[in-house]
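# Coordinate analysis (summary)
Listed below, chain by chain, are the residues.
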Amino acid sequence: MSLQDKKILIGITGGIAAYKISFLIRDFVKQGAEVQVIMTPSARTFVSELTLATLSKNPVYSDFYGENGTWNNHVELGMWADAMIIAPCTANTLSKMVHGQCDHLLLATYLSARCPVFIAPAMDLDMYAHPSTRQNLEMAEDFGHIVIPAEEGELASGLVGPGRMAEPETILYAVKNYFLPQHKSLQGKTVLITAGPTYEAIDPVRFIGNHSSGKMGFELAKEAAARGAKVILVSGPTALVPENREIDLHRVTSAAEMLDEVFKHYHHADIAIASAAVADYAPKEIAPEKIKKNDDHLTIELVKNPDILKTMGAQKKQQFLVGFALETQNEEANALAKLEKKNLDMIVLNSLRDEGAGFKNDTNRITIFTKQEQIGFDLKSKKEVAADILDAVEMRLLK
Ligand code: PMT
């Protein structure tokens, strides 16, 4: 039990998701952790102290003073904890936390805590999207806190979108992962990643290609290697060189070559992530010599390339299979169709309509879909995006 004897302090604020914390406490206790709970005054209207005290096997605190004038020592509670988790974290408490306000016991304890702090925001659609909330979450991350992003779905208001508190198992996973020795969470796993473009030769000097730089795939490879995985990276033509010499890089040019190389490794992989931008069509014939510009028009007949990812999906056994969808319109519908058609466990959508997302940039903005879930992320560096994708994979594969 990776959380054996860990001291977990849970701060509950006043949101409808407060009822889910009962499950989180039960899960922490099952993992061998000791749990104490603090509630804000408004959280008490959402969930009963008796339930939380029974599940945590400890008294629940919500005021500076207990019965008979005893003082609930926020400094002691803050010092006691190995990890503090604020879940659900409302916009109000988040704002107070990052601005140093202290008008109830939970905030005083947060300000006294020396341990890692995990924040699982939960609020309605527009509150979560509001620039002040985005800024407050960024400030929290700048303080070194771990923000567990809200998930998408139907919200208490009836609106649909991001704002639901992450599920208890996702919160539990984030905390467990934090305490893993050196974060080598993918030790013993083989991760196969495709990256970059493919070039489909027209003649000895020309090809059909695309704008992929390989950055997204190389960041995924780096992150997987940092987590202890054995990484096989099959990349189309790019100028990039992996910094980590343990990444097993195989360079290919065309889609046909990528297919061949992928299937030398796929059957041993535990996780496969297809971030390559594979050309869908290739010239039917490659001219043996450079084509001369003798005619005003030139017609090149194209034939369909193999769909590497679809073939991987069709032969899937133990692999957790992740595809990408690069879209310019009907993004969600297209991504979901690919998830289904290619028999994927997860698909990562990026849209060229989002500034800073997709090809070449050092940043990307993604939405992750599984058959049951949809999780949206802000624009981030490709390094952070790679970590988000692997976190999402691990949460579903290793829990
Ligand atoms: O390399 P960068 O400059 O960092 O840019 C990153 C990226 C934009 C290339 C990356 O984030 C991305 O979106 N990669 C997938 C691009 C793509 O080809 O998407 P698609 O929607 O056309 O393909 C869907 C999936 O099928 C992809 O996982 C693709 O790898 C796979 N595919 C597609 C066609 C084909 N013949 N074989 C495949 O395996």
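The structure presented is a predicted model; accordingly, all values stated were derived computationally and were not measured. (Residues numbered from 1 in each chain as written. Predicted model: local features only at pLDDT ≥ 70, side-chain atom pairs only at ≥ 80, totals over all residues. Heavy atoms only, no water.)

A count of helices and strands for the protein gives 13 helices and 22 strands. Within the protein, contacts between residues separated by at least 24 positions form 66% of all contacts whose residues are at least 6 apart in sequence. For the protein, the accessible area works out to roughly 19200 Å², and carbon and sulfur atoms hold 50% of it. Seen as two clouds, the 42 positive and the 51 negative side-chain charges of the protein have centres 4 Å apart. (Helix = DSSP H or I, 4+ residues; strand = E, 2+ residues; numbered from the N terminus. Contact = heavy atoms within 4.5 Å. Areas by Shrake-Rupley, 256 points an atom, 1.4 Å probe, with all protein chains shown as cover. Lys, Arg positive; Asp, Glu negative; His and termini not counted. Charge placed at Lys NZ, Arg CZ, Asp CG, Glu CD.)

Read across the open sheet, the 6 strands follow the order β3-β2-β1-β4-β5-β6; overall the sheet is parallel. Strands at the two margins of the open sheet, each flanked by one partner only, are β3 (60-61) and β6 (146-147). Looking at chain direction, strand β1 (residues 7-12) and strand β2 (residues 34-39) are connected through 6 bridges and run parallel. Pairing of Gly11 across the sheet is with Ile38, part of β2. Packed on one face of the sheet, helix α1 (residues 21-30) meets β1, β2 and β4 (83-89) and runs near 180° to β1. (Pairing = 2+ DSSP bridges. Axes fitted to C-alpha atoms, helices over the stretch in contact; angles between N-to-C directions.)

Moving on to the pairing of β1. Most of β1 sits out of view: 5 of its 6 residues are buried. Each parallel crossover has a hand, and for β1 linked through α1 to β2 it is right-handed. Where β1 meets β4, 4 bridges bridge the pair, whose relative direction is parallel. Within β4, the position partnered with Ile8 by the bridge is Ala83. (Buried < 20%, exposed > 50% of the residue type's maximum accessible area, 1.4 Å probe, protein only. Right-handed = clockwise from strand over helix to strand, strands pointing away.)

Bringing a nonpolar patch on the surface into the picture now. A contiguous nonpolar surface patch, about 400 Å² in accessible area, is contributed by Ile16, Tyr19, Phe23 and Phe46. Structurally, the position occupied by Ile16 is in the loop between β1 and α1. (Patch = residues over 30% accessible without salt bridge, like charges linked within 9 Å, V, L, I, M, F, W, Y side chains within 5 Å. Salt bridge = Lys/Arg side-chain N within 4 Å of Asp/Glu carboxyl O.)

Before going further, it helps to examine the domain arrangement of the protein. By a widely used convention, the size of an interface equals the accessible area lost when the partners come together. You can read the domains of the protein as domain 1 (7-179) and domain 2 (190-397). Taking only C-alpha atoms, the centre of domain 1 and the centre of domain 2 are 38 Å apart. Counting residues at the interface gives 8 residues for domain 1 and 9 residues for domain 2. For the pairing of domain 1 and domain 2, the buried interface totals around 800 Å² over both sides, and the portion due to carbon and sulfur atoms is 47%. Put simply, domain 1 and domain 2 have 4 residue pairs in polar contact (both at pLDDT 80 or more) between them. (Domains from an automatic or database assignment. Buried area = accessible area lost by both parts, 1.4 Å probe. Polar contact = N/O pair within 3.5 Å; in protein donor to acceptor, adjacent residues only side chain to side chain.)

Strand order in the open sheet formed by 8 strands is β13-β12-β9-β14-β17-β18-β20-β21, with mixed pairing between adjacent strands. The open sheet has two free edges, formed respectively by β13 (248-251) and β21 (374-376), since each of these has just one partner strand. With direction set aside, neighbouring strand axes in the sheet form an average angle of 15°. With 4 bridges joining them, strand β18 (residues 346-351) and strand β20 (residues 366-369) adopt antiparallel strand pairing. Across the sheet, the residue bridging to Asn350 is Ile366, located in β20. The sheet contacts of helix α12 (residues 331-341) involve β17 (320-327), β18, β20 and β21, and relative to β18 the element is tilted by about 150°.

Within the span of helix α10 (residues 255-265), buried status applies to Ala255, Met258, Glu261, Val262, Phe263 and His265. Next to the buried residues of α10 lie β9 (190-195), β10 (200-201), β12 (230-235), β13 and α11 (308-314).

Another aspect to go through is the site of the ligand. As a structural note, the neighbourhood of the ligand is formed by 29 residues, with Ser212, Ser213, Ala276, Lys338 and Asn350 the closest of them. At 2.6 Å, a side-chain N or O of Ser212 approaches an oxygen atom of the ligand. Note that an oxygen atom of the ligand is positioned 2.6 Å from one of the side-chain N or O atoms of Ser213. Alone, the ligand offers 760 Å² of accessible surface; in the complex the protein occludes 95% of this. Sorting the residues of the shell around the ligand by element identifies α9 (215-226), α11 and β17 as the ones contributing at least two each. The greatest single-element share of the shell around the ligand, amounting to 5 residues, is contributed by β17. (Near = heavy atom within 4 Å.)

Below, the discussion takes up the pairing of β20. Of the two faces of β20, the one lined by Ile366 and Ile368 and the one lined by Thr367 and Phe369 are each fully buried. Examined bridge by bridge, β20 and β21 share 3 bridges and lie antiparallel to one another. Pairing of Phe369 across the sheet is with Gln374, part of β21. Between β20 and β21, which pair antiparallel in sequence order, lie 4 residues.

The next thing to look at is the side chain of His104. Topologically, His104 is positioned in the loop between α4 (91-98) and α5 (105-112). Judged by relative accessible area, which is 10%, His104 ranks as buried. Not counting the four nearest positions on each side in its chain, His104 is found in contact with Thr40, Pro41 and Phe64.

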